[in-house]
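# Fold and contact review
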Amino acid sequence: MRISGLSLCWAGSWNLFWRRLQAFAITLFLLATGIGSVQAETGQAAWLRYVPLDPATRAKYSSIPRLVMRVGDSPVLASAEQELTRGLRGLLGGEFRTSTSLNDGPVILMGTLDSVGTVIKDMFSPLNLAGDGYWIADANMGGSACIIITSPNDHGVLYGVFAFLSKIARAENLQSLSEFQVPANTIRMVDQWDNLDGTIERGYAGPSLFFENGRVREDLSRAAEYARLLASVGINTCAINNVNANPRLLEKDFLPQVRRVAEAFRPWGVRLALSVDLSSPQKIAGLPTFDPLDPRVAAWWQHTVDALYAEIPDFAGFVVKADSEGRAGPASYGRTPADAANVIARALKPHGGLLFYRSFVYDHHLDWRNPKNDRARAAYDIFHPLDGQFADNVVIQIKHGPIDFQVREPVSPLIGGLQKTNEAIELQITQEYTGQQRHLCYLLPMWKQVLDFDMRNAGQSTPVRELLSGKIYQRPYGGLVGVSNVGMDPNWLAHPLAMANLYGFGRLAWDPTLSAQAITEEWTRLTFGNHATTVDTIDAMLLSSWNIYESYTGPLGAGTLADILGSHYGPGPESSERNGWGQWHRADNGGIGMDRSVATGTGYVAQYSPAVAKHYESVETTPDELLLFFHHVPYTYKLHSGKTVIQHIYDSHYDGASRAAALVTQWQSLQGRVDQARYEDVLRRLEYQAGHAIVWRDAICNWFARISGIPDEQGRVGHYPGRVEAEDMELHGYVVFDVTPWEAASGGKGVECPSTSESCMASFHFTGTPGRYDIDVRYFDQSNGVSQFRAYLGDQLIAEWSADDHLPATVPNADSSTRYRIPGMALETGDALRIEGRPDGPERAALDYVEFTAANP
Ligand code: GCV
């Protein structure tokens, strides 16, 4: 395999050249076989691609009328018409004309029920068609086969158009068409956590669509595109700024800027909402107080809201985060959230606006030494006693779990605890604690479990989805809010497969009874086409990914084991203890888990209805996946699965990491079926994920092995036969350092090249048996530099790369730990290998280890 006699430079180039040639040959083969003839895509079109259907599928739709008639006029109806012709042209090819008067012959007739009724006198629409619901049906008009898309309002017509196009794009049968849909929820909303400087809190896909440099962007075309995307899944409201709100947005001179965003949204039926800071009356108007019961404060809110509606008549309302994580709130004046919510709600009421008050209110200075303290209790303890005191245009916005978007939490008991108050659940589309769109973690199966969970209020069936919709306690408003945080990345959420979370959120907000499987299949077909292999493969990857992610990050309901004090990304189990943030897992030498029982713990369990509480109170009836959320148990406690807790932690981390690696192979089976641009983008991310899952696996397993003192019965933890630690290599210039926290690096140590050196070298001899190996170089890629690396086998350059990823760390730790894989190298025992690193400022070309794995034949 070695190419002796060539110059170093030539040998290295030859090796890289050879690999590129192989890739090129594969592409040529795929193109020649017709498999690879798919157009490159950026992902910007998301699920609204409207790419031409294959001729056989197209033939199914040959009877679709080529004339579209819109009855009525409004910006939303104009969008609906435009979308319909755009979609049909794309999918079916040829011309689709529009008309405003009825001609003889087949036509697609669209408009509100009232206006369509003026054209078809004897139309019988479904009796329950209401609100934003729509009806798509075949009709025979004067002997011509026609299609009607109608709704009580123009928003519904637009939703009907999107639904109709989706059916065609997914090759659904349109015979005997009569589809009637009414959304389950009035609230179908996304929140963006965008800041005026253009950054997005917990956003992982580039800067804000709305703001830059303290202003609303001049070019809002992406904001308009976003509204179109939202409308296509029935989302009707978007709050555009961070809940950690900047009061500046409410200043008089800023309102015209905000109005421009509302105008970009309006043609798509999306209403604008804003997050507000409760201390605004003080901060903006200089009032001496922001006490919600002070008449000057009430007057300020009233005239501010009036001014806002003068600019934006269809303004949706405000979102409030108060008394939480350092935000100002009514507690400063001894007032309640109801006092604070109601003063603003009263100002909004005459204009039809809503006030979304977040129940994410907790003390982040809790005394961790007190075993009775429990952050999970906060929302219910604060809001349940206020049930009935909120104005009827207040909606309590409740995170789905009692902590904070962890990979596994029980459903927030507050959802069952409000009966005289409107409520909406807050789900997190942006993957803050679930891999930040660098890991595939499709959240729909989790959301479905939450929405289907039965709260058993008064011993009756009271599923979360029906509590939210307002159906059970006859509340006028209710539904779903998703924290979406899309950015300027062409693909909106950066990871092409993460877009399934945004799509799925919208579909569940519309109809929470849909199954995760059904929604997933819709998304995959729309995003990647209808080929059965593609659909089955991607669906299987998506539907398994939450469980995979959970397996290597947060076992048995222990909550996230991520670094909660910083990035919320890589492993950092220590960070959840001995601080006031309250995300405790209580792992010590004897056992792990928070005791939240009534009998011996914090009493949190009592916040559920008696039937649910009974289930969670007992360690025997608590399901394994939530055991450590509710109970503190010894590591040797036997789960329902028959394993001990500690062995489960080891096994699930190894299993999760190996299933993350299998995602790569699953995706590779689609080469040529997916356009090359998206194929490579996803592949690169999955390969990274597989590598980072190993960081998680090793960090968590080693941490628990140390704290529990109980070894892995399979002997894997702490033993890595194919691994050569960097600190054990022969070092030239590199110096050994302790990585913090220790579990973030293999053996707790790495080597780094001082920034004063031009380059450093780490070398060693391969001691394994001869064969072909994948060589993984584990290094640290910080965001504050671009180090360069070269790997040599003997004198031959076998790889070179730059540490140019944008991982969330400025030091070598579990967030910046990544790997470069050199695949399929033939090695002899005794071969000399060396890594050369060139630092770049604070990024010191740090290395952790090199690992050899037998390559696939
Ligand atoms: C917007 C978590 C996040 C914060 C976020 C907060 C919230 O704590 O880490 O970034 O703040 O939730 O939902 O208010």
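Quick note: structure is the one above.
A few points on the structure. Since the model is a prediction, treat every value here as computed from it, not as a measurement.

It is worth spelling out the environment of Val-633 at this point. Here Val-633 shows up in strand β18 (residues 633-634). Residues Val-633 and Ala-587, 46 residues apart in the sequence, show an inter-C-alpha distance of 9.5 Å. Ignoring sequence-local partners within four residues, the contact set of Val-633 consists of Gly-590, Gly-591, Ile-592, Val-619, Leu-627, Leu-628 and Val-645.

The subject of this paragraph is the pairing of strand β13 (residues 354-358). Within a regular strand, the side chains alternate between the two sheet faces. Counting buried residues along β13, five of its five residues qualify, which places the element largely inside the surrounding structure. Judged by which residues are buried, β13 turns out to be covered on both faces: Leu-354, Phe-356 and Arg-358 on one side and Leu-355 and Tyr-357 on the other are all buried. Looking at chain direction, strand β12 (residues 317-320) and β13 are connected through four bridges and run parallel. Note on β13: the bridge partner recorded for Val-320 is Tyr-357. Between the parallel elements β12 and β13, the chain passes through helix α10 (residues 337-348) in a crossover that is right-handed. Here four bridges tie β13 to strand β14 (residues 394-399), and the two strands are oriented parallel to one another. When the bridges of β14 are listed, Tyr-357 appears paired with Ile-396. Once the chain exits β13 it traverses helix α11 (residues 378-383) before rejoining the sheet at β14, and the crossover so formed is right-handed.

Before going further, it helps to examine the layout of surface pockets. In this structure, the second largest pocket occupies an estimated 1,100 Å³ of space. Contributing to the lining of the second largest pocket are 48 residues, with Arg-49, Ala-169, Arg-525, Gly-529 and Asn-530 lying nearest its centre. For the lining of the second largest pocket, the element with the most residues is helix α5 (residues 154-169), which contributes seven residues.

This paragraph deals with the packing of α5 against helix α6 (residues 221-232). Orientation of α5 relative to α6, taken along the N-to-C sense of each, is 80°, at an axis distance of 9 Å. As summarised for this structure, α5 and α6 are arranged roughly perpendicular, according to the angle between their axes. Judged by residue contacts, Leu-158, Tyr-159 and Phe-162 of α5 engage Arg-228, Ala-231 and Ser-232 from α6. Residues belonging to the contact of α5 with α6 are distributed by class as follows: four nonpolar, one polar and one charged.

Cut-offs applied
- Residues numbered from 1 in each chain as written.
- Predicted model: local features only at pLDDT ≥ 70, side-chain atom pairs only at ≥ 80, totals over all residues.
- Heavy atoms only, no water.
- Helix = DSSP H or I, 4+ residues; strand = E, 2+ residues; numbered from the N terminus.
- Contact = heavy atoms within 4.5 Å.
- Buried < 20%, exposed > 50% of the residue type's maximum accessible area, 1.4 Å probe, protein only.
- Pairing = 2+ DSSP bridges.
- Right-handed = clockwise from strand over helix to strand, strands pointing away.
- 1 Å grid on protein atoms, 1.4 Å probe; cavity = no way out; pocket = protein on both sides within 12 Å on 5 of 7 lines; lining within 4 Å.
- Points joined across faces, edges and corners; volume = space filled by probe spheres on them.
- Axes fitted to C-alpha atoms, helices over the stretch in contact; angles between N-to-C directions.
- Parallel < 35°, antiparallel > 145°, perpendicular 65-115°, else oblique.
- Nonpolar A, V, L, I, M, F, W, Y, C, P; charged D, E, K, R; others polar.

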